[in-house]
Amino acid sequence: MTITSKLSKVGFVAAFSLLGMAVTQANAATASAAPALTAAEMEAGKLIYFERCAGCHGVLRKGATGKNLEPHWEQVLEDGTKLEGGTLSLGTKRLENIIAYGTEGGMVNYDDILTPEEISLMAKYIQNEPPIPPEFSLQDMKDSWNLIVPLDERPTKQMNKVNLKNVFAITLRDAGKLALVDGDTHKIWKILESGYAVHISRFSASGRYVYTTGRDGLTTVIDLWPEEPVTVATVRFGSDMRSVDVSKFEGYEDKYLIGGTYWPPQFGIVDGLTLEPIKVVSTRGQTVDGEYHPEPRVASIVANPKKPEWVVSVKETGQILLVNYTDLDNLEITSIASSKFLHDGGWDASKRYFLVAANASNQVAAVDTQTGKLAAIVDTAKIPHPGRGANFTHPEFGPVWSTGHLGDDVVSLISTPSEEKKNAKYKDHNWKVVQELKMPGAGNLFVKTHPKSTNFWADAPMNPEREIAESVYVFDLNDLSKAPRELNVGKDSGLPEGKAIRRAVQPEYNQAGDEVWISLWGGKTDQSAIVIYDDKTLKLKKVITNPEIVTPTGKFNLYNTMYDVY
Ligand code: DHE
């Protein structure tokens, strides 16, 4: 059902009077019914909200993956029916319970993360009007830019003997650091400071530089050519950020970097070697339903290897932008209307089509980058979450791209078109879910396979059951009717069982495609590990653990990330 949403009157007025101004203080609680908070409580609530809630609910609390959390909202359905609700109507007690214990709708419990006092504070905080953070201009980006090692002071050849193509960049989330691990020797090469709650890494098209981005908008570029990796520049794209990618097209290798922010809703383009800011483009505008949205956040960004363009998914509007970077002064952007709440996605096997989850719409949108047009919108099971997805040739249906689901116990296989003659017979299946692989429960975040492998790996870190969340599931591509094999990463790590669940997250292949690396993501004070399996035998090969391995999550193999091997 299509729902058109209306901004609550209070939110509307607040948004329009304040957007564009550098307002740092909390708004006054305009709704008199909202529980009063002191300025210190408001500040504490703001910080917790940014750290724990904004990713799913949005800074302005209009909802995306998570529900709308405005004090009062109204929605008008297609048939004219008016719905209203809001945190004020739920009240403090009910909100405390939701925050502490979660909901069946997918909200996770916070009783093991926040104290009872913090839960109570948040229940009150979200009944007050959301404070609007300051904007972030090109000049702000320029002011934040720090060129640590200028170009003429960088080495002119690789000064170390590390096989760079098999290096893994590993997010140490809560430490705000990035571990670079030698994939050949399994040794930690270097651990470097990064942004707050560091999120993802990408590599320059030449394979020399690593770009990593923190949730606070701080992006760093690390040079892999010196004897030891060195951070050579940093820049801030905004105050809340999730994605970056490089310019990959021939002639543009290492030239530009694009960064997409959640707040302010925009993307910036910087020099790929120095991070000097060049341009900022706002993503505020109309949703695919024709409503103005003040906070359309930039979700996934991928670089097209076949064209000088980035594919930028704008979450709340459902617009997929093809940003051509050949002329930044006269920037050409093709805006493709798809489905709302775009999140993560990746290429099909041919790298002509980009598929992205519209997660809260339970759909996957596909763009044909050859024609610059929408290819399809595919209905799927609940809350698709592909990471970049995984491609393989299905014995019965030909080329498929796959996604797991946060909200359902299946992996969906979607048939993708192919220009190869031998695949013509699969045409009728294209853009349909041709099979759902059964998982032991919901809560999947990432799936992975490799062209040289006959295995398909899926995790389930958000499942509430310890055994499922601490395990990964391996399907045999030669016989997809078989149940997946469970590998209990928690047990295999040899680490003592922690009080909190240690989540087994994000399978990632090495360059050769014969090892799979899994993060065992414990609490900030627990010992975590990277657990490596032999892909053929599924036997444990190595556990990398060390007090510096704090909350490891995403792992990015240089070769596979650079060439989009998944
Ligand atoms: Fe991510 C990718 C957003 C929470 C690990 N995550 C992405 C992308 C987006 C996104 C938009 C796609 C980037 C791209 O390809 O350009 N992530 C968000 C959120 O909004 C969310 C739900 C909440 C938040 O507040 O940030 C969120 N993400 C998480 C985590 O809690 C994870 C599991 C652990 C962590 O390190 O934070 C996590 N996200 C990842 C990883 C990828 C990712 C590992 C890259 C997957 C890949 O294979 O490319």
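Residues numbered from 1 in each chain as written. Predicted model: local features only at pLDDT ≥ 70, side-chain atom pairs only at ≥ 80, totals over all residues. Heavy atoms only, no water.

Chemist: When you look at the overall build of the protein in this model, what are you seeing that I'm missing?
Modeler: The secondary structure content of the protein amounts to 8 helices and 38 strands. On C-alpha atoms alone, the protein measures out to a radius of gyration of 23 Å, which is about the 24 Å that the 2.2 N^0.38 rule sets for 566 residues. Each principal axis of the C-alpha distribution contributes one length, and for the protein these read about 65 × 55 × 55 Å. In the protein, which comprises 566 residues, the proportion classed as buried is 58%. Accessible surface, the protein: about 22900 Å² in total, of which carbon and sulfur atoms supply 51%. Where the 60 positive side-chain charges of the protein centre and where its 71 negative ones centre are 2 Å apart. (Helix = DSSP H or I, 4+ residues; strand = E, 2+ residues; numbered from the N terminus. Rg over C-alpha atoms; globule rule 2.2 N^0.38 Å. Buried < 20%, exposed > 50% of the residue type's maximum accessible area, 1.4 Å probe, protein only. Areas by Shrake-Rupley, 256 points an atom, 1.4 Å probe, with all protein chains shown as cover. Lys, Arg positive; Asp, Glu negative; His and termini not counted. Charge placed at Lys NZ, Arg CZ, Asp CG, Glu CD.)

Chemist: What is the right way to look at the side chain of Asn423 in this model?
Modeler: Within the secondary structure, Asn423 sits in the loop between β28 (410–415) and β29 (433–438). Judged by relative accessible area, Asn423 falls into the buried class, the value being 11%. Among the polar contacts made by the side chain of Asn423, one reaches the side chain of Ser418 at a distance of 2.8 Å. For Asn423, the residues in contact, after removing those within four places along its chain, are Pro399 and Ser418. (Polar contact = N/O pair within 3.5 Å; in protein donor to acceptor, adjacent residues only side chain to side chain. Contact = heavy atoms within 4.5 Å.)

Chemist: Would you explain the side chain of Gln266 in this entry?
Modeler: Counting through the fold element by element, Gln266 comes out in strand β14 (residues 266–271). Among the polar contacts listed, one links the side chain of Gln266 to the backbone oxygen of Phe136, at a separation of 2.8 Å. Those residues in contact with Gln266 that lie beyond four places of it in its chain are Phe136, Phe237, Gly259, Gly260, Thr261, Val280, Val281, Ser282, Thr283 and Val298.

Chemist: I'm lost on the pattern of salt bridges in this one. Help?
Modeler: Should their charged atoms come close, side chains of opposite charge can pair. This model, assessed by the stated rule, comprises 24 salt bridges. Note that Glu43 is salt-bridged to Lys46, the shortest N-O span being 3.3 Å. Separated by 3 residues within a single helix, Glu43 and Lys46 lie in helix α2 (residues 39–57), roughly one turn from each other. Under the relative-accessibility criterion, Lys46 is labelled partly exposed at 24%. Across the pair Arg466 and Glu470 runs a salt bridge whose closest N-O atoms are separated by 3.2 Å. (Salt bridge = Lys/Arg side-chain N within 4 Å of Asp/Glu carboxyl O.)

Chemist: What should I look at first to understand the site of the ligand in this one?
Modeler: Taken together, 23 residues lie near the ligand, and His199, Arg242, Tyr262, Arg388 and Thr553 sit nearest. Within the contact set of the ligand, an oxygen atom lies 3.0 Å away from a side-chain nitrogen or oxygen of Arg202. Interatomic distance of 3.0 Å between a backbone N/O atom of Ile301 and an oxygen atom of the ligand. When the residues that make up the shell around the ligand are grouped by side-chain class, the tally is 8 nonpolar, 9 polar and 6 charged. Taken together, domain 2 (343–435) and domain 3 (439–566) each give at least three residues to the shell around the ligand, which thus spans both. (Near = heavy atom within 4 Å. Nonpolar A, V, L, I, M, F, W, Y, C, P; charged D, E, K, R; others polar. Domains from an automatic or database assignment.)

Chemist: Would you mind showing me how to read the sheet that holds strand β19 (residues 309–314) here?
Modeler: In sheet architecture, strand pairing relies on hydrogen bonds along the backbone and comes in two forms, parallel and antiparallel. Reading across the sheet, the 4 strands line up as β18-β19-β20-β21 and stay open at both edges, with antiparallel pairing between neighbours. In this open sheet, the two edge strands, each paired with only one partner strand, are β18 (298–303) and β21 (332–337). Pairs of neighbouring strands in the sheet enclose a mean axial angle of 20°, with direction left out of account. Strand direction decides the pairing type here: strand β20 (residues 319–324) and β21, joined by 6 bridges, are antiparallel. Within β21, the position partnered with Gln319 by the bridge is Ala337. (Pairing = 2+ DSSP bridges. Axes fitted to C-alpha atoms, helices over the stretch in contact; angles between N-to-C directions.)

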